[in-house]
Each structure stands twice: as C-alpha cells, then as structure tokens.
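Architecture at a glance
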Amino acid sequence: MGATQTRIKQAELRHAQAKRNFLLRSANPRGNQILYSEAETALNELGGLNRSAGLASESLRLITLRYKDGEATVLEVVDAQTTNALASNAYQDGAVRYRVALANLQTLTGC
C-alpha cells in the first residue's frame, strides 16, 4: 500500500472515529466548545508544521547548492531530503487532523 493510500485510509478511520465521537458528544451540552477547541488546536499546530516544512525545504535547497559547489557531502543532501520528506508528511497529517476537526465542528453546529 502506498503512502497516499495509507493517508487516505487513516483519514477514513479518523472520520469514522469522528462520527462516533459526534454521537457521544451530541448528548453533551459542551460538545460545541470541545469541538471548537479541537479545531483551534489543530489549526495552531498546522501553522507550526507549515513553518517546519518551509524551513526543511529551504534547508534542502541550500544544502543542494552547497553540494553542487563541492562544499557538502552527499550524506548531508540525503539527510536534508529525509528531513524535508518527514516535515512534509507531518504537515499533511496535521492538515488531515485539522480538516477532520473542522468537519466535526461543522457537523455538530450545522454550518
């Protein structure tokens, strides 16, 4: 199973869990506030993940330039590529968490 398919499956599982959570929270008068807090937290986390992904991308660009000039080793390039991929994947996972939290909030509030 590819990485994209894995992320899709994870999103589907999170969505199913969110539906179950919704059923449990709909009886809770504080449900709106809880879901709002979850969405807000996920959005704040997404901002940090976006900054990390941007820094990793810039680091990869700079190290690649250093490598082309003979000032960096291939190991440094591979390390930067790995870091960039991990940061990108973390951002994508964070985006899914935010979208699920937002969808849960919209479902509960009907907006």
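Keep in mind that this is a model prediction, so the values were computed, not measured.

Before going further, it helps to spend a moment on the overall build of the protein chain. A count of helices and strands for the protein chain gives three helices and zero strands. The linear arrangement of helices and strands in the protein chain, starting from the amino end, is α-α-α. Counting all 111 residues of the protein chain, 21% fall into the buried class. Excluding contacts between residues fewer than 6 apart, the proportion of contacts in the protein chain whose partners are at least 24 apart in sequence is 74%. Within the structure as shown, the protein chain displays about 7600 Å² of accessible surface, and the carbon and sulfur contribution to it stands at 57%.

Scanning the entire structure with this criterion turns up three salt bridges. Taking the shortest distance from any N to any O, the salt bridge between Glu 45 and Arg 97 comes out at 2.3 Å. Here Glu 45, found in helix 2 (residues 31-68), pairs with Arg 97, found in helix 3 (residues 74-109); they are 52 residues apart in sequence, far enough to count as distant. Among the residues examined, Glu 45 registers a relative accessible area of 35% and is labelled partly exposed. Between Glu 76 and Arg 66 there is a salt bridge; the shortest N-O distance is 3.7 Å. Separated by 10 residues along the polypeptide, Glu 76 in helix 3 and Arg 66 in helix 2 bring together distant segments of the chain. For Glu 76, a relative accessible area of 30% translates into the label partly exposed. By relative accessible area, Arg 66 is classed as partly exposed at 33%.

Residues Tyr 67, Val 74, Leu 75 and Val 78 make up a contiguous nonpolar surface patch of about 390 Å² in total accessible area. A per-element tally of the nonpolar patch places helix 3 first, with three residues. One can find Tyr 67 in helix 2.

For the rest of this paragraph, the subject is the environment of Gln 106. Along the chain, the position of Gln 106 falls in helix 3. Its relative accessible area of 38% is what places Gln 106 among the partly exposed residues. Linking Gln 106 and Tyr 36, residues 70 residues apart in sequence, is a C-alpha distance of 9.5 Å.

An ideal rise of 1.5 Å per residue puts 52 Å on 36 residues; helix 3 measures up with 52 Å between its terminal C-alpha atoms. When helix 3 is considered as a whole, its buried residues turn out to be Val 77, Ala 80, Ala 87, Gly 94, Ala 95, Val 96, Val 100, Ala 101, Asn 104 and Leu 105.

Okay, the side chain of Asn 104 next. Along the chain, the position of Asn 104 falls in helix 3. Filtering out sequence-adjacent residues up to four positions away, Asn 104 remains in contact with Ala 18 and Leu 35.

Criteria and thresholds
- Residues numbered from 1 in each chain as written.
- Predicted model: local features only at pLDDT ≥ 70, side-chain atom pairs only at ≥ 80, totals over all residues.
- Heavy atoms only, no water.
- Helix = DSSP H or I, 4+ residues; strand = E, 2+ residues; numbered from the N terminus.
- Buried < 20%, exposed > 50% of the residue type's maximum accessible area, 1.4 Å probe, protein only.
- Contact = heavy atoms within 4.5 Å.
- Areas by Shrake-Rupley, 256 points an atom, 1.4 Å probe, with all protein chains shown as cover.
- Salt bridge = Lys/Arg side-chain N within 4 Å of Asp/Glu carboxyl O.
- Patch = residues over 30% accessible without salt bridge, like charges linked within 9 Å, V, L, I, M, F, W, Y side chains within 5 Å.
- Expected span 1.5 Å × (residues − 1).

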